[in-house]
Amino acid sequence: AELLQANGVPTPRTLVIDRRGIARVEAELGFPAVIKIPDGSFSRGIHRVADAKELTAVAATVFDESDLIIAQEYMRTDFDWRVGVLDGKPIYVCQYEMARGHWQIVRHEGDGQMVEGESRTLAIADAPPAVVDTALRAAALIGDGLYGVDLKETPAGIFVVEVTDNPNLDAGIEDLVLKDSLYQTVINAFIERLDRRSQPQPRRGNGAKETGPQTGRAAK
């Protein structure tokens, strides 16, 4: 969150707080607000709070799991954008609609079942350029791995909600446009990384042998 903000990538107003900073949510974000654990996935560990009483109750539960929590301005949209990025290039663009009667794209039922909203996959050339460009700016700040950049499109503009390093690659959804080429792109990236790691490392200095372990960037 701090990295995106420092580099001018638009995000919802975001706070990273500990137990002592809980009052900042109402003071700086207002309600409703979204509370997240830093390592949530598949819409788990994410809560929307409507007032101070609900915030106190949710925070008490979330702080049992994490010393820090993320509080974020709530932005209502009918769908989220996700841009898949690998090696700094877009590989898919999807719209994920909110689950019926819910404010997230996934609704978790009491019996452990998940209900998901509808999805739509677009060719990259057919996606809004501002969505793709903003996603690429955000991912470039993180690295050159495989990322899913989640964005909100609002009347005020495009906002990056988060960058996830475990994006979905599901048959019939993210691969709907590229099909097998999507998986081949990912496999090729793995192969290139492994090839680079297997290359002899150049010696440094006046022919002196470099000391210490050789390191490389591991494939995700």
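The coordinates are above.
Residues numbered from 1 in each chain as written. Predicted model: local features only at pLDDT ≥ 70, side-chain atom pairs only at ≥ 80, totals over all residues. Heavy atoms only, no water.

1. With respect to the packing of aromatic side chains
Then comes step 1: Under the counting rule described, the total for this entry stands at one aromatic pair.
Then comes step 2: Here the aromatic rings of Phe-79 and Trp-81 are separated by 5.5 Å at their centres, their planes lie at 85°, and the arrangement is edge-to-face.
Then comes step 3: Positioned above the aromatic ring of Tyr-74, the side-chain terminus of Arg-48 is 5.2 Å from the ring centre. (Phe/Tyr/Trp six-rings, centres within 6.5 Å; stacked < 30°, edge-to-face > 60°. Lys NZ or Arg CZ within 6 Å of the ring centre and 35° of its normal.)

2. Structural notes on the nonpolar core
Then comes step 1: The biggest cluster of nonpolar side chains holds 18 residues, and the ones touching the most others in it are Val-83, Val-149, Leu-151 and Val-160.
Then comes step 2: Listing elements by their share of this core, those giving two or more residues are strand E5 (79-86), helix H4 (129-142), strand E10 (146-154) and strand E11 (157-164).
Then comes step 3: At five residues, the largest contribution of residues to this core is made by H4.
Then comes step 4: Apart from residues lying up to four places away in sequence, Val-149 is in contact with Trp-81, Arg-82, Val-83, Val-85, Ala-135, Ala-138, Ala-139, Val-160, Glu-162 and Val-163.
Then comes step 5: Among the nonpolar cores identified, the runner-up in size contains 15 residues, and Ile-17, Leu-55, Val-58 and Ile-69 belong to it. (Core = buried A, V, L, I, M, F, W, Y, C linked by side-chain atoms within 4.5 Å. Buried < 20%, exposed > 50% of the residue type's maximum accessible area, 1.4 Å probe, protein only. Helix = DSSP H or I, 4+ residues; strand = E, 2+ residues; numbered from the N terminus. Contact = heavy atoms within 4.5 Å.)

3. Regarding the sheet that holds strand E1 (residues 14-17)
Then comes step 1: Here four strands make up an open sheet; going across it, the order is E1-E4-E2-E3 and the pairing antiparallel. The open sheet has two edge strands with one neighbour each: E1 and strand E3 (46-49). Neighbour to neighbour, the strand axes of the sheet diverge by 25° on average, direction disregarded.
Then comes step 2: Here E1 pairs with strand E4 (residues 69-73) via four bridges, running antiparallel. Residue Leu-15 lies in a different strand from E4, and its bridge partner there is Ala-71.
Then comes step 3: Contacts from helix H3 (residues 52-62) reach strand E2 (33-36), E3 and E4, with the element oriented near 160° to E3. (Pairing = 2+ DSSP bridges. Axes fitted to C-alpha atoms, helices over the stretch in contact; angles between N-to-C directions.)

4. Some details on unusual backbone geometry
Then comes step 1: Cis geometry is found at the peptide bond from Phe-31 to Pro-32, where omega equals -5°.
Then comes step 2: Tracing the backbone shows Pro-32 in the loop between helix H2 (23-29) and E2.
Then comes step 3: Phi angles above zero are rare outside glycine, and Asp-87 is one such case at about 55°.
Then comes step 4: Not every positive phi belongs to a glycine, and Lys-179 is a case in point at roughly 55°.
Then comes step 5: With respect to the helices and strands, Lys-179 occurs in the loop between E11 and helix H5 (180-198).

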